[in-house]
Amino acid sequence: MKMITAIIKPFKLDEVREALTEAGIDGMTVSEVKGYGRQKGHTEIYRGAEYAVNFLPKIKIEIAVTADMVDKVVDAIIGTAKTGQIGDGKVFVSNIESTIRIRTEEKDAEAL
Amino acid sequence: MKMITAIIKPFKLDEVREALTEAGIDGMTVSEVKGYGRQKGHTEIYRGAEYAVNFLPKIKIEIAVTADMVDKVVDAIIGTAKTGQIGDGKVFVSNIESTIRIRTEEKDAEAL
Amino acid sequence: MKMITAIIKPFKLDEVREALTEAGIDGMTVSEVKGYGRQKGHTEIYRGAEYAVNFLPKIKIEIAVTADMVDKVVDAIIGTAKTGQIGDGKVFVSNIESTIRIRTEEKDAEAL
Amino acid sequence: MLDKITKKYAYGGAALLASAAVVLVASTETSFAADTATETKYVLNTLLFLIGGFLVMWMAAGFAMLEAGMVRSKNVSMQCTKNIALYAVAGLMFWLVGYNVMYDGVAANGGWFGSFTPKSIPEPAKDAGDYAAASDWFFQMVFCATTASIVSGTVAERVKLWPFLIFVAVLTGILYPITGAWKWGAGWLQDMKFQDFAGSTLVHSVGGWAALTGAIIIGARHGKYGPNGEVRAIPGSNMTLVTLGTFILWLGWFGFNGGSQLAMGSLADASSVSKIFMNTNLAAAAGVMSAMILNQLLYGKVDLTFALNGALAGLVAITAEPLTPSPLAAIAIGSVGGLMVVFFVPLIDNLKIDDVVGAIPVHLLAGIWGTMAVPLTNSDASFVTQAIGVGAVAAFTIVTSSLVWLILKYTVGLRPTQEEEIMGLDQAEIGLEAYPEFQK
Amino acid sequence: MLDKITKKYAYGGAALLASAAVVLVASTETSFAADTATETKYVLNTLLFLIGGFLVMWMAAGFAMLEAGMVRSKNVSMQCTKNIALYAVAGLMFWLVGYNVMYDGVAANGGWFGSFTPKSIPEPAKDAGDYAAASDWFFQMVFCATTASIVSGTVAERVKLWPFLIFVAVLTGILYPITGAWKWGAGWLQDMKFQDFAGSTLVHSVGGWAALTGAIIIGARHGKYGPNGEVRAIPGSNMTLVTLGTFILWLGWFGFNGGSQLAMGSLADASSVSKIFMNTNLAAAAGVMSAMILNQLLYGKVDLTFALNGALAGLVAITAEPLTPSPLAAIAIGSVGGLMVVFFVPLIDNLKIDDVVGAIPVHLLAGIWGTMAVPLTNSDASFVTQAIGVGAVAAFTIVTSSLVWLILKYTVGLRPTQEEEIMGLDQAEIGLEAYPEFQK
Amino acid sequence: MLDKITKKYAYGGAALLASAAVVLVASTETSFAADTATETKYVLNTLLFLIGGFLVMWMAAGFAMLEAGMVRSKNVSMQCTKNIALYAVAGLMFWLVGYNVMYDGVAANGGWFGSFTPKSIPEPAKDAGDYAAASDWFFQMVFCATTASIVSGTVAERVKLWPFLIFVAVLTGILYPITGAWKWGAGWLQDMKFQDFAGSTLVHSVGGWAALTGAIIIGARHGKYGPNGEVRAIPGSNMTLVTLGTFILWLGWFGFNGGSQLAMGSLADASSVSKIFMNTNLAAAAGVMSAMILNQLLYGKVDLTFALNGALAGLVAITAEPLTPSPLAAIAIGSVGGLMVVFFVPLIDNLKIDDVVGAIPVHLLAGIWGTMAVPLTNSDASFVTQAIGVGAVAAFTIVTSSLVWLILKYTVGLRPTQEEEIMGLDQAEIGLEAYPEFQK
Ligand SMILES: Nc1ncnc2c1ncn2[C@@H]1O[C@H](COP(=O)(O)OP(=O)(O)O)[C@@H](O)[C@H]1O
Ligand SMILES: Nc1ncnc2c1ncn2[C@@H]1O[C@H](COP(=O)(O)OP(=O)(O)O)[C@@H](O)[C@H]1O
Ligand SMILES: Nc1ncnc2c1ncn2[C@@H]1O[C@H](COP(=O)(O)OP(=O)(O)O)[C@@H](O)[C@H]1O
């Protein structure tokens, strides 16, 4: 099993989610994160003093999938999350050794 | 070393934490996430317009453990987080290559 | 490629970020988490009733790097995040199988 | 009203009698001037009702904010809904029957209650009396609404919307007006010379008893008490709202107590209203400080919610008699209110009575204290009569409000399901999170 | 003012005429008493303007809070900036030209508008008339500011700061005063006996039309309507602020309607103000309940924002005539306002008119309803005249405000870029998040 | 009070003198009418104090909200605690000694201070004078509390609760009353004809100096200035609270300035109060706009907190003389206040003086500006005397408040530990997060 972790721009979430469900994905876990990267933050002036906003709001999506689904899922993400502008984000793929569904104690592929 | 990542229902957090400490776990990291899965969200009506709440609040718990502890920990989680109702969540186990305790620079098992 | 995950004390974030950029790191993803560990929470009294604050605010930093950078990055984190006091946090290193930059579809080292 | 009106002349004392005498003597020659003076008095009395009334109306917002801050964010939209709705229900019911039950022909019914009819208002040009009838209605209505606001805080986070509003309708249309009639409607408690200037008993204790019976009959919030009976703290979601609400209530209280002088057309009345403002403020300030100091001594730190409750307890305590105490006495009366908060909030909690905002110590207990303290500064009052008044109002309100809560419980049901309670009433009944964007 | 002043004597009726007669008869002998009485009246009338005025000023805060709660948190700082600035702009413009356009020499210009000059204020000691000139200015100014507040809510989250403020300057300096002159400036609508006591049409509909044209010309918020035209809900970020704002507005409305009696120096006036308070409160309460009940019936639950909008719609509806209705009639008028909210909010949404706070149903439609309902209780009004007034004000405001919006659109531009809109106006134009610490 | 009372007759001018003459002439025959008129005046004067007083009391809530919004969320409960407590402390101290130090027998002590005794209040029926004694106490007390509120904002986020409250007790019981006595207590500054209508110097600068000495002696917040001395912005946690607080203060200021006319029983007084309302509003509006425009020109965008501070600076600036300026002069005076905010906030920041809310530019600097501007419109004032007043109050307040801060620093200590400051005072001293549920 693989874990696909995508960092995307927040306003793309709904589109990506729809693409993923179309790609046959039934579940995912999402969280709000702050990103630092080539897309630089911005400088604000508060009461005359400058301050840097270094971290930009991003969304992290984690999707556990069977190995055969990885390409399809990555494509779905890239297909929808890409705007072509700096800061679109990354996709990371890593390995999961086992997966359990808490409710049924099903394992691995059946747990998804 | 293994990383155990559990997605659970928020109101179960305290119970799970207690079970984990009883199982001999000294540390964990928790975050608030939103989940999408078989447990469907709900439709709300705001000022006469429907809108879908697709993501439901979940809690993610991350626990780094030595390999021998994995089963015990997974059992503790399943034992307490299970309500038998859809949406109880998942447990993912993956590998960690190394662990360091920042304070002492101890490594791996000693870092936990 | 490796994923370095560090849990640190919140007020150390800016320092760590600066050390990382000095170490040549261009990107990272940050999130707010709550930690449970040897550093115990505290007991508060609200309207005469005690309650335990078990989880303490921490920051999680995730940095994807090429394998050769791992030590340098870990050192930079430890060098700045360490206060020597309990609760300084952990660093976890795990493996990433692939990385893609959404904007350009570049892969792996080029995607960072 | 009769009683309070009578009272006002009593306070006016010598000066007023003297000028009244002049009126009679001078009346043949200066009838125009006398008329003008009478008209001016009418206007000024009416103005007191209107200003006092809008200040007390504003207290409805104070309760709403305080309660919205004391509940968890998953119940905030519901708490706001209840508060705007209860003010609306009180305003309608007190017109439909409440006012007349309280004031219309109470003597004819043996001093127990008036008539179950809507309040009608004369045409402006024909409005006789010492003040405009509508201004009096307005002023009395906002008192009635206050009573309902007290209840909503205590039973927050675990009662369904519509059953709660039915309770409010009965409370504001019938229960509050009946005990009100006994005293302010010139009923039997008035005949006994029971003293309750602005309603420590008639408003605050009535609200407090209705809240207490509700808290017991509805039961505690899920998770408030552990399996072994241990008390679990459930911190409120927003302390600035609690602070804002308390400041609003403090401000409104100047209308509550000051307006209860019921007249402002003479030197003596205006002076009385002023003394009431001063005493009201001193009692509240003393309540804050006594609560904070005791809190620091007992717990080694200051709990903001105790300081804020202390202000309110000081205010409730002085409400039964804000006029006769000296400044020092006002400080003493308010201080005791503040101390009561720090003592009784945990005590009530330990009795497994789940009072989300502390309304029982603040409104009920400090209200009883304030009522019993009247004889200390007002020689017209006696401890026995005060005790009879407190007891009679308690008995009536406990019995009747329990009955209403129980009927609701066993018919439409009071509580949401446990699942709904856990998910929060906002999602269960309102379909609208109060802070949908902020991660919780 | 002329008209309203006239009206006030009419309401005073018999009592006032009688006492006026006495004044004439008694004048040679009791001239001092008469002067005192006149001076007291002057003071009391002035006081009504000042109290009414500060209550309506407070409504500016109510709109600010309500709107800050109805927008997404990324636009909250901007919404607060617009609200404090619009109140400032209105206050300056209504001195610079607004007041005199509305009240100064309207008859000389055929009843269409007054003079384009700043308002000057006499020295206190030489202030003639029935009330202080400055108190009248203050009271009229806050009405003007209210009109602008209505607009800011509807067009929230998608209009640039300075262009919006330019619109406000024109609205408060010229547009509002012109239609105001027709009636309250004793212009042609006044001659026709058009009735609008406190401004259901002159304030609320004017604001509503300006908001509607703005919403159409600026267009909907990005993402409000789907690619297939489906309506997408965009929940407001903070329901306690919306609740607080509504309570503030309700409180302020006592000044809005009560102060519009324009006099408080006589029994009849004070009684009228009181009746207005009562009717205002009943209509608002009825608006809450009718909106909640219809909401429950249609949707199976209660939407807090509908309950709050219901209060406001009840208030707007009673504003055209808060004095003549009986309590029951006030309840009926307010109820219809509440029902309109539940019907028209979704309808307007479906017409792809993006009204962030519901100002169009609340202020425009309930304002029309209130104005057309006047003849039901006030025999001085006729449906035809009311319709002419509503229509004339509509025509003028639609045309002129569209023109201003369009000129701004094609010169400085009204909308931020889509990118800026998505990132939020706080970041794009204010550089300051409203809640920088809270994760969203 | 003596002085202000004197002043009020001066303002009353011709009209009042004339009617006073009539009183004397007519007194044998129309003594009743004269008495009635006197009584009515007494009531109206008292009413002005009560209304003005409750509006200024409400400013305590305004400061609380503004400050709660300008601090980081980890210090919000503490800031709320300080604000409710300082209002309580001021209320008690101003009764215990403050009032009499300021007003009782100042001449007997060479015009420097009065007597260190509690304020006692006559029985209502025996209350002589032009207004109720208690209403005057109430009105003066809320001014005193305002002074303390100014301090709490500047030194927020880094001073321990109880030491801060001890400072407040000394400030409100002794320091503020002493400089107050010099002018309003008919002391030596009054003899010199120093002019400060509602307290640009006596209230706002006193608060500002006490805040400034505090900021310097306590030092800046941890992290406010970088290791190389660079200024670091620390954004406030909640901009709607800052906006709400500012609107509350604006509303309260009508009581602050309007009530300082100290009388409302005559045409001239009522007219004066009205003119004050108008000028106060114009100055505040001008402050908003001048701050916004300068802000836009200098920084290319509008900072909401500058716009809000601009309103307050406009208000402070007009406070020294809200009556004599023409509308245009009021606009000019307020505008300069607004400009000062945009100039001086960064400047003070660069001097490493950490003023969390901007109270030093707003209250101290705009207060000095307002005081020095009095001679521009009031021929009774001279620049030299104004400068002497400003300087004397500055010298006294700087020295004495520094002394108090220093004594506290070297005895009980003023600052929490750095660790406590980093974790936030809410956790360190209050044990209660303001927003416990929201992730930060
Ligand atoms: N090395 C990294 N490790 C973890 N997250 C990263 C890394 N580099 C970038 N990110 C995440 O991806 C986001 C986008 O990266 P950025 O460099 O700004 O743009 P792009 O992906 O278009 O090159 C960042 O905001 C951050 O959240
Ligand atoms: N493939 C997946 N990858 C990551 N997280 C998932 C995945 N499937 C489910 N989840 C998480 O688990 C939660 C529960 O899953 P769900 O399918 O609703 O119920 P159940 O676990 O009972 O089958 C989801 O809300 C989501 O957070
Ligand atoms: N086994 C673990 N798995 C995941 N996170 C952990 C684990 N142990 C500790 N942590 C995280 O590290 C933080 C610091 O750990 P703690 O034991 O308190 O101090 P220290 O790292 O100094 O020993 C915790 O708050 C928690 O977030």
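Residues numbered from 1 in each chain as written. Chains lettered and ligands numbered in written order. Predicted model: local features only at pLDDT ≥ 70, side-chain atom pairs only at ≥ 80, totals over all residues. Heavy atoms only, no water.

1. Observations concerning the overall build of chain A
Then, number 1: When its secondary structure is counted, chain A shows two helices and seven strands.
Then, number 2: Helices and strands appear in chain A in the N-to-C order β-α-β-β-β-β-α-β-β.
Then, number 3: The C-alpha atoms of chain A give 17 Å as radius of gyration, which overshoots the globular expectation for 112 residues (13 Å, by more than 25%).
Then, number 4: Taking the principal axes of its C-alpha atoms as reference, chain A extends roughly 60 × 30 × 20 Å. (Helix = DSSP H or I, 4+ residues; strand = E, 2+ residues; numbered from the N terminus. Rg over C-alpha atoms; globule rule 2.2 N^0.38 Å.)

2. Quick look at the site of ligand 2
Then, number 1: Close contacts around ligand 2 come from 22 residues, with Thr29, Arg101 and Arg103 of chain A together with Arg38 and Gly87 of chain B the closest.
Then, number 2: Neighbouring residues of ligand 2 are not confined to a single chain but are spread across chains A and B.
Then, number 3: One nitrogen or oxygen atom from the side chain of Thr29 of chain A is found 2.8 Å from an oxygen atom belonging to ligand 2.
Then, number 4: Lys90 of chain B places a side-chain nitrogen or oxygen 3.3 Å from an oxygen atom of ligand 2.
Then, number 5: Summarising the interface, the protein chains cover 98% of the accessible area of ligand 2, which totals 550 Å² for the free molecule.
Then, number 6: Secondary-structure elements contributing two or more residues to the shell around ligand 2 are β2 (28-36) and β5 (56-65) of chain A together with β2 (28-36) and β6 (90-95) of chain B.
Then, number 7: With three residues, the single largest contributor to the shell around ligand 2 is β5 of chain A.
Then, number 8: Grouping the amino acids of the shell around ligand 2 by side-chain chemistry returns eight nonpolar, seven polar and seven charged. (Near = heavy atom within 4 Å. Polar contact = N/O pair within 3.5 Å; in protein donor to acceptor, adjacent residues only side chain to side chain. Areas by Shrake-Rupley, 256 points an atom, 1.4 Å probe, with all protein chains shown as cover. Nonpolar A, V, L, I, M, F, W, Y, C, P; charged D, E, K, R; others polar.)

3. Let's talk about the packing of aromatic side chains
When we look at a pair of aromatic rings, we describe it by the centre distance and by the angle of the planes.
Then, number 1: Summed over the entire model, instances satisfying the criterion amount to 64 aromatic pairs over all chains.
Then, number 2: Between the aromatic rings of Phe94 of chain D and Tyr99 of chain D, the centroid separation amounts to 5.9 Å while the plane-to-plane angle is 85 degrees, which identifies the pairing as edge-to-face.
Then, number 3: Here Tyr99 of chain D falls in the buried class, since its relative accessible area comes to 5%.
Then, number 4: A cation over a ring is seen here: Lys40 of chain A above Tyr36 of chain A, with NZ or CZ 4.9 Å from the ring centre. (Phe/Tyr/Trp six-rings, centres within 6.5 Å; stacked < 30°, edge-to-face > 60°. Buried < 20%, exposed > 50% of the residue type's maximum accessible area, 1.4 Å probe, protein only. Lys NZ or Arg CZ within 6 Å of the ring centre and 35° of its normal.)

4. As for the interface of chain D and chain E
Interface size is often expressed as the accessible area that is lost when the parts come together.
Then, number 1: At the junction of the two partners, chain D supplies 61 residues and chain E supplies 70 residues.
Then, number 2: Here chain D and chain E share an interface that buries about 5,300 Å² over both sides, 81% of which is from carbon and sulfur atoms.
Then, number 3: The tally of links from chain D across to chain E stands at one salt bridge.
Then, number 4: The partner of Glu123 of chain D in a salt bridge is Lys275 of chain E, and the shortest N-O contact between them spans 3.7 Å. (Contact = heavy atoms within 4.5 Å. Buried area = accessible area lost by both parts, 1.4 Å probe. Salt bridge = Lys/Arg side-chain N within 4 Å of Asp/Glu carboxyl O.)

5. Thoughts on the confidence of the model for chain D
All names here are of chain D.
Then, number 1: In this model, chain D carries an average pLDDT of 92, and 92% of its residues clear a pLDDT of 70 or more.
Then, number 2: Low pLDDT, under 50, characterises residues 1-31; the predicted model gives this stretch 48 contacts beyond four residues in sequence or across chains.
Then, number 3: What the predictor reports for the complex is a pTM of 0.94 with an ipTM of 0.94. (pLDDT = per-residue confidence, 0-100.)

6. Notes on the nonpolar core
Then, number 1: Counting residues in each nonpolar core, the largest one holds 469 residues, and the members touching the most others are Phe54 of chain D, Phe54 of chain E together with Phe54 of chain F.
Then, number 2: Non-local contacts of Phe54 of chain E, meaning those with residues more than four positions away in its chain, are made with Phe54 of chain D, Phe138 of chain E together with Ile51, Phe54, Leu55, Leu251, Phe254 and Phe277 of chain F. (Core = buried A, V, L, I, M, F, W, Y, C linked by side-chain atoms within 4.5 Å.)

7. Brief notes about the side chain of Arg158 of chain F
Residue and element names in this part refer to chain F.
Then, number 1: With respect to the helices, strands and loops of the structure, Arg158 is situated in the loop between α4 (133-154) and α5 (161-183).
Then, number 2: Among buried charged residues, Arg158 stands out as having no salt bridge; its nearest opposite-charge side chain is Asp354, 4.0 Å away.
Then, number 3: Engagement of the side chain of Arg158 in a polar contact is seen with the backbone oxygen of Thr154, the distance being 3.2 Å.
Then, number 4: Among the polar contacts listed, one links the side chain of Arg158 to the backbone oxygen of Gly219, at a separation of 2.5 Å.
Then, number 5: Apart from the residues within four sequence positions on either side, Arg158 is in contact with Ala215, Ile218, Gly219, Ala220, Arg221, Asp354, Val356, Leu414, Arg415, Pro416, Glu421 and Leu425. (Lys, Arg positive; Asp, Glu negative; His and termini not counted.)

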